[in-house]
Amino acid sequence: MNRRVPYNQVLDIYLPPFPSESITSWIVRLARANAIGLHEFGSRVYGVTAHSTTASDLDVLKNKQFLLGLCRVTGRRLEEIELASLAAWEWLLSAESPGRRWLLAPSRVPGGARQGQWTHACFSCLAQDDKPFFRVYWRFAFVTECMVHHAPLHDVCPRCSGSLDYPRMDRGSILAKRLLPLSVCPHCSVDWRIYGQRTQTSNPMLYAMQRRLLKGLSTRWVTEKNGMVLASLALDGVHRLAKCFRTEVGSRVAARLIGEPVHAQSGE
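My aim in this report is to walk through the structure given alongside it, one point at a time. Keep in mind that what you see is a predicted model, and the values were worked out from it rather than measured.

A closer look at helix H3 (residues 64-74)
Helical geometry note: an α-helix holds 3.6 residues per turn, so side chains three or four residues apart project in the same direction. Taken together, the buried positions of H3 are Phe-66, Leu-67, Gly-69, Leu-70, Cys-71, Val-73 and Thr-74. Those residues of H3 that are buried are in contact with helix H1 (23-33), helix H2 (38-46) and helix H4 (78-84). Measuring from the backbone nitrogen of Gln-65 back to the side-chain oxygen at the start of H3 gives 3.0 Å, which picks out Asn-63 as the cap. Following H3 by one or two positions, Gly-75 has its phi on the positive side, about 80°.

Given below as structure tokens:
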């Protein structure tokens, strides 16, 4: 006789999170393993009907009641789940203004429903996974290169150009789709793993910079040629440069820096 692992009255099948897996990825895998949608999963976590909880950003876990319920039904410690969530990275802020500047936002509309390009992905990583899952650091806006395969990350489906909103098919879709791996596009149903070998090579300097920033997140310090820089200040500097280069004058400065001829009279 098969028993629930761990035995409880909420989940028939339990799957532990993978190292570096995002909370959203883990919850979607749990829901699909139990052949239920995200709304049903949220209702089981709460113990009452809750149709809106899992439509928001699950990686942030702002709802304390949902967090405690998730600990209860999965048997994971509160600290373990919090450390795997984006709540542990709230310090990724500008030195001057509030807001999760370096975390990809899942929504910019009232209500907080997931939409848009809120996550990156490395299709080579998904192709090599025994069970495809999404990494939490793919939510960092400054991470655009895969630290494993030295290739640019993707933020849209190569086939249909839709967003990588993999939980989309777990909201009100038919049961058959809920049994698919997380690597299947919710818009056109192509499996992103087939694109695992069709990646470009990273820019070595860009890859090295992002690797230093990622390593610096654990210690709060980034190693540079002239010493150590506080990670939040380094990210703030990158943000200011990016903001500058998006302007007309800044784009000309950027063009000059990479050696392109620019014919313009300005005080740049």
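Moving on, there is more to tell.
Overview of the nonpolar core
Within soluble globular proteins, side chains that are nonpolar tend to cluster in buried spots. Grouped together as the largest cluster of nonpolar side chains are 58 residues, with contacts concentrated most on Phe-41, Phe-66, Phe-140, Phe-142 and Trp-192. Residues in contact with Phe-142, not counting those within four places in the same chain, are Trp-102, Gln-210, Leu-213, Leu-214, Leu-217 and Leu-235.

A short note on the pairing of strand E2 (residues 227-230)
The sheet contact formed by strand E1 (residues 221-224) and E2 spans 4 bridges and is antiparallel. Within E2, the position partnered with Glu-224 by the bridge is Gly-227. Hairpin remark: E1 followed by E2, antiparallel, with 2 residues in the connecting loop.

Structural notes on the packing of H1 against H3
Close contact between H1 and H3 brings their axes to 13 Å; oriented N to C, the two are set at 50°. Relative to H3, the element H1 lies oblique. The interaxial crossing formed by H1 with H3 has left-handed handedness. Every residue of H3 that contacts H1 at Trp-26, Ile-27 and Leu-30 is listed here: Phe-66, Leu-70 and Thr-74. Among the residues forming the contact of H1 with H3, the class breakdown is 5 nonpolar, 1 polar and no charged.

Digging into the pattern of salt bridges
Using the criterion set out here, one finds 13 salt bridges in the structure. Arg-76 serves as the salt-bridge partner of Glu-80, at 2.4 Å between the closest nitrogen and oxygen. Residue Glu-80 is classed as partly exposed on the basis of its relative accessible area, which comes to 30%. A salt bridge links Asp-191 to Arg-193; its shortest N-O distance comes to 2.7 Å. Taking the relative accessible area as the measure of exposure, Asp-191 reaches 19% and is therefore buried. Salt bridges sharing common partners tie together Asp-57, Asp-59 and Arg-139.

Conventions used here
- Residues numbered from 1 in each chain as written.
- Predicted model: local features only at pLDDT ≥ 70, side-chain atom pairs only at ≥ 80, totals over all residues.
- Heavy atoms only, no water.
- Buried < 20%, exposed > 50% of the residue type's maximum accessible area, 1.4 Å probe, protein only.
- Helix = DSSP H or I, 4+ residues; strand = E, 2+ residues; numbered from the N terminus.
- Contact = heavy atoms within 4.5 Å.
- Polar contact = N/O pair within 3.5 Å; in protein donor to acceptor, adjacent residues only side chain to side chain.
- Core = buried A, V, L, I, M, F, W, Y, C linked by side-chain atoms within 4.5 Å.
- Pairing = 2+ DSSP bridges.
- Axes fitted to C-alpha atoms, helices over the stretch in contact; angles between N-to-C directions.
- Parallel < 35°, antiparallel > 145°, perpendicular 65-115°, else oblique.
- Left-handed = near helix turned anticlockwise from the far one by under 90°.
- Nonpolar A, V, L, I, M, F, W, Y, C, P; charged D, E, K, R; others polar.
- Salt bridge = Lys/Arg side-chain N within 4 Å of Asp/Glu carboxyl O.

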